[in-house]
Amino acid sequence: MDGARGEPRLLIVEDEADKRDALAALLEADYQVATARDGEEGVRVARADPPDLVLMDLVMPRMDGFAALEALRGDHRTAEIPVIFVSGRGDDVTRVRGLDLGAVDFLAKPFSERELKARIERTLRLARRQTQLRELAQTDALTGLANLRAFRARLEEEVKRAQRYGTPLTCVMADMDHLKPLNDELGHAAGDRAIAAVADVVRTELRETDFAARYGGDEFVVLLPHTSAAEGRVFAERVCERLRETSLEAGGRRAGLAASFGVAEIGSGAAEEAAEEMVQRADEALYAAKRAGRGRVAVAEAPAEGAASG
C-alpha cells in the first residue's frame, strides 16, 4: 500500500496535539504521514485510506487504543494493518493485552528517534513478507484471481456485512462453454490459456469493491457488494458480450471464448445459511443458462421471504 511517492504510509493516532505534531515532523521526511486526534477518527481515516502502519496512543478520549485496535481488526479493509502501540503505560498487563488484541509491537514512552524508526522499519519489513506469503496462499496460479479458500473467507465477510447493514449482495457464477473440445483439439496448454483469458475479461469488469475467484476448473465466481440481482445481470451480460468479442490464437487458428452465467442475490435467511444458499442458487441458475443454449445469463428467482434455505 505504499503511496504514490513510493514511501510507506503511516497513520499517527494521538490525542495530544503537540505530541502528534512532533511525531509527524520526526517521520515525514521518510514516510507519508497522516494523523488522527483519537481512536474514533483513526479508525475512520484507516478505513477510508488504509495506511501501511498505524502508530497508536493508548489513552485517548471517545475511543481508546484498545477499542480502536479491535475496530480495525474487525473490518476486512483494515484487519491486516500492523499497529504499534506508543504509550507511557508500559506495564506488563497493558503490553500483554495490546499484543493479545493483535498489536504487533509496543513502544513505551519516552523513546529515541533511532528506536522508533528501527521498530517501524522492522514492522514494515515483516508486513511486506506476510503480505507476499498471504497473497501466494490465496491466489490461483493460473489466473491470478483469488482461489477457493480466499473466496470462502470473503463470502462469509460479505454476507455478514450485507445482513448487518441491510445492503444487497449478489453472486455471479460463470462456467466456460466448449472447453473440452478446445482441449481435445488444441491441447490442455491451449485450454489453460483460454481459462486465463476468461479470467482477464472478468477482471476488467470488476469494481474496486468486487471480488472474483477461480471456483475450480473452468468455473469462476464473483461477489458484487451493494448490487442487486438485476444489476448483477447487467455485469454478467457485459462479461458475456466481451467474451464474444475475444478470441484465442492457438495451433495456427483462432478459437472463440464463451461462458454461461448464473446470478443470485442474497436471501433473508440466517447468516450461516445465506452464504451457501446464495452460491447454490447462482450455480443452479448457471446450469439453467447452460440448458437454455449456453453463452447466456440466467438469474435465480428470489427466495420466498422467510423461507428456509435449502
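Residues numbered from 1 in each chain as written. Predicted model: local features only at pLDDT ≥ 70, side-chain atom pairs only at ≥ 80, totals over all residues. Heavy atoms only, no water.

Asks: Which residues make up the pairing of strand β1 (residues 9-13), and what values do they have?
Replies: Among the five residues of β1, five are classified as buried, and the element is accordingly described as predominantly covered. Because side chains alternate across β1, one face comprises the buried residues Arg9, Leu11 and Val13, and the other comprises Leu10 and Ile12, equally buried. With five bridges joining them, β1 and strand β2 (residues 32-36) adopt parallel strand pairing. The partner of Leu10 across the bridge, within β2, is Val33. Here β1 runs beside strand β3 (residues 53-56); their pairing, made up of four bridges, is parallel. Looking across to β3, one finds that Val13 is bridged to Met56. (Buried < 20%, exposed > 50% of the residue type's maximum accessible area, 1.4 Å probe, protein only. Helix = DSSP H or I, 4+ residues; strand = E, 2+ residues; numbered from the N terminus. Pairing = 2+ DSSP bridges.)

Asks: Tell me about the pairing of strand β9 (residues 247-250), and please be specific about residues and values.
Replies: The two faces of β9 differ: Leu248 and Ala250 on one face are buried, but Ser247 and Glu249 on the other face are not. With four bridges connecting them, β9 and strand β10 (residues 253-256) associate as antiparallel partners. Bridging across to β10, Leu248 finds its partner in Ala255. In this antiparallel pair of consecutive strands, β9 and β10, the connection spans two residues, and Gly251 shows a positive phi of 60°.

Asks: Describe the environment of Ala288, listing the residues and the values that go with them.
Replies: Summarising the element assignment, Ala288 is placed in helix α10 (residues 271-291). For Ala288, a relative accessible area of 28% corresponds to the partly exposed category.

Asks: Please set out the sheet that holds β3 residue by residue, giving values where relevant.
Replies: Two pairing modes exist for strands in a sheet, parallel and antiparallel, and in both the strands are linked by backbone hydrogen bonds. If you trace the five strands from one edge of the open sheet to the other, you get β2-β1-β3-β4-β5, paired in parallel fashion. Two strands lie at the open edges of the sheet, namely β2 and β5 (105-108), each paired on one side alone. Averaged over neighbouring strand pairs, the angle between their axes works out to 20° when direction is ignored. Relative to β5, strand β4 (residues 83-87) runs parallel, the two being bridged by four bridges. Note on β5: the bridge partner recorded for Ile84 is Asp105. Strands in contact with helix α3 (residues 65-73) are β3 and β4; relative to β4, the strand with the most contacts, it is inclined by about 175°. (Axes fitted to C-alpha atoms, helices over the stretch in contact; angles between N-to-C directions. Contact = heavy atoms within 4.5 Å.)

Asks: Before we move on, could you go through the packing of helix α2 (residues 39-48) against α3 and cite the residues and values that matter?
Replies: A pair of packed helices is captured by two measures, namely the crossing angle of their axes and the spacing between those axes. Here α2 crosses α3 at 20°, and the two axes come no closer than 9 Å. Between α2 and α3, the crossing angle belongs to the class labelled roughly parallel. Regarding α2 and α3, the two cross each other, and that crossing is right-handed. Touching Gly39, Val43, Ala46 and Arg47 of α2 are Ala68, Ala71 and Leu72, all from α3. A per-class count over the contact of α2 with α3 returns five nonpolar, one polar and one charged. (Parallel < 35°, antiparallel > 145°, perpendicular 65-115°, else oblique. Left-handed = near helix turned anticlockwise from the far one by under 90°. Nonpolar A, V, L, I, M, F, W, Y, C, P; charged D, E, K, R; others polar.)

Asks: Please give an account of the pattern of salt bridges that cites residues and values.
Replies: For the structure shown, the criterion picks out 31 salt bridges. With a closest N to O distance of 3.1 Å, Arg254 and Glu249 form a salt bridge. When its relative accessible area of 52% is taken as the criterion, Arg254 is described as exposed. Overlapping salt bridges, with partners in common, bring together Asp175, Asp177, Lys290 and Arg294 in one network. (Salt bridge = Lys/Arg side-chain N within 4 Å of Asp/Glu carboxyl O.)

Asks: Residue-level account of the nonpolar core, with values.
Replies: Counting residues in hydrophobic clusters, the biggest one holds 32 residues, and the most contacted among them are Val172, Met176, Phe220, Leu243 and Phe261. In terms of residue count, helix α8 (residues 188-204) provides more of this core than any other element does, eight residues in total. Listed in part, the 25 residues of the second largest apolar core include Phe151, Ala162, Leu286 and Ala298. (Core = buried A, V, L, I, M, F, W, Y, C linked by side-chain atoms within 4.5 Å.)

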